[in-house]
Amino acid sequence: MRTRVLTTPSALPLRRLLTVSRPALWINTVGTLVTGVWLTGRLYTLDPGVLALLLYLTLPFNLLIYGLNDLSDREEDARSSRKGGWQGARLTVAEGGPLLTMTLALNLPALVGLAVLLPPAASLLLAVSAVLFAAYSLPPLRLKGRPFLDGLSNVAYALPLALPALALGTPVPWWPLLALMAYSVGKHAFDAAQDIPADREAGTHTVATVLGVRGTARYALTWFAVAGALLLPVSVLTALALWLTCGGMALALLRDPTPERAARLYPLSIVTPWIVGAVAGVGLVYLLARGLWTGL
């Protein structure tokens, strides 16, 4: 009788890495950077630092965000019905070591290289974003388990918006940056509402487990209202788009405050960056093409 020996893989295939990195959510990094480029007044740029950033904010940076998160949340994810597909991987114990190794191998050299290509301010901001994402998932801080700090740390999603300005020496787009920070805090809370049962069972304390579904919907709605207000000086149309989509889904959750309703609304939450970004992008490209964009 032969004994079957289980071995730990030394590396994960590219397809598995892509699943962990959640390509459906790359809009949150790549799209934010591209918008930041447009806000500098350039529809495109051949600046080596910006192009390197664009490449880095695809698979490597999203592995840093979601790979570390999946490693830390393996127990919660095993209880979550939405994991195991496009909404996030369900990792096996054997995949943990190789995933951590490959995440570090793709990120650490890239961050060092970008520090050489980019001005110090841009390098520092990118490092802050990376540290916030790591601190969200990993001990000893593990901000995911610290209610309210968990959502506030998600301002890291907004920081790539300022990177092109710092790389190209143009003014930082403060109003859009602050609006995106507020949106990121609200979206984090809204998305966490569906995970309340799994997080409570695992003993993970989040802003959603503390506030409950109804309170979380109100909390998210407040941040979405602030985000829209911060966009008003830049684009009334974009502010309205954010209020209608994000505010609308928060109100829908308020009418039926259950984790199941939050899970049904989650696909809308996924596409809100595409909707609001499309509205903002069309208007901005029009102004740039006509030479009417004067900056912020």
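Residues numbered from 1 in each chain as written. Predicted model: local features only at pLDDT ≥ 70, side-chain atom pairs only at ≥ 80, totals over all residues. Heavy atoms only, no water.

So, the side chain of T45
Its location among the elements puts T45 in the loop between α2 (30-39) and α3 (48-56). Within polar-contact distance, the side chain of T45 engages the backbone nitrogen of D47 at 3.1 Å. When neighbours within four sequence positions are excluded, T45 is seen to be in contact with V37, V50, L51 and L168. (Helix = DSSP H or I, 4+ residues; strand = E, 2+ residues; numbered from the N terminus. Polar contact = N/O pair within 3.5 Å; in protein donor to acceptor, adjacent residues only side chain to side chain. Contact = heavy atoms within 4.5 Å.)

Description of the packing of aromatic side chains
Taken as a whole and assessed by the stated rule, the structure comprises 6 aromatic pairs. On the basis of an interplanar angle of 80° and a centroid distance of 5.6 Å, the ring pair of F61 and F133 is categorised as edge-to-face. Of the two residues, F61 is situated in helix α4 (residues 59-72) and F133 in helix α7 (residues 120-137); the sequence distance between them amounts to 72 residues. On the numbers, 4.8 Å between centres and 75° between planes, the contact of F133 with Y157 is edge-to-face. In this pair, F133 is assigned in helix α7 and Y157 in the loop between α8 (149-152) and α9 (163-168), connecting sequence segments 24 residues apart. With respect to class, F133 is no different from Y157; both count as buried. Ring pairing ties together the aromatic residues Y56, F61, F133 and Y157, which thus form one cluster. (Phe/Tyr/Trp six-rings, centres within 6.5 Å; stacked < 30°, edge-to-face > 60°. Buried < 20%, exposed > 50% of the residue type's maximum accessible area, 1.4 Å probe, protein only.)

Describing the UniProt feature "transmembrane region" (unreviewed entry) in the protein
Within this structure's numbering, the places UniProt gives as "transmembrane region" (unreviewed entry) are residues 25-44, 50-68, 124-143, 155-175, 220-253 and 265-289. Span residues 25-44 is 50% helix and 0% strand, its end C-alpha atoms 22 Å apart. (UniProt positions renumbered as here; feature names shortened; annotations may be inferred.)

Notes on the packing of helix α12 (residues 207-231) against helix α13 (residues 236-255)
Their axes nearest at 9 Å, the elements α12 and α13 cross at an angle of 175°. Of the possible angle classes, the one that applies to α12 and α13 is roughly antiparallel. Judged by residue contacts, V213, R214, A217, R218, L221, F224, A225, A227, G228, A229 and L231 of α12 engage T238, A239, L242, W243, C246, G247, M249, A250, L251, L253 and L254 from α13. (Axes fitted to C-alpha atoms, helices over the stretch in contact; angles between N-to-C directions. Parallel < 35°, antiparallel > 145°, perpendicular 65-115°, else oblique.)

Quick notes on the pattern of salt bridges
Enumeration over the complete set of coordinates arrives at 4 salt bridges. Here E95 ties to R16 by a salt bridge, and the two come within 2.8 Å at their closest N and O atoms. Of the two residues, E95 is situated in helix α6 (residues 93-117) and R16 in helix α1 (residues 14-21); the sequence distance between them amounts to 79 residues. The exposure class of E95 is buried, given its relative accessible area of 13%. Residue R16 is classed as partly exposed on the basis of its relative accessible area, which comes to 21%. (Salt bridge = Lys/Arg side-chain N within 4 Å of Asp/Glu carboxyl O.)

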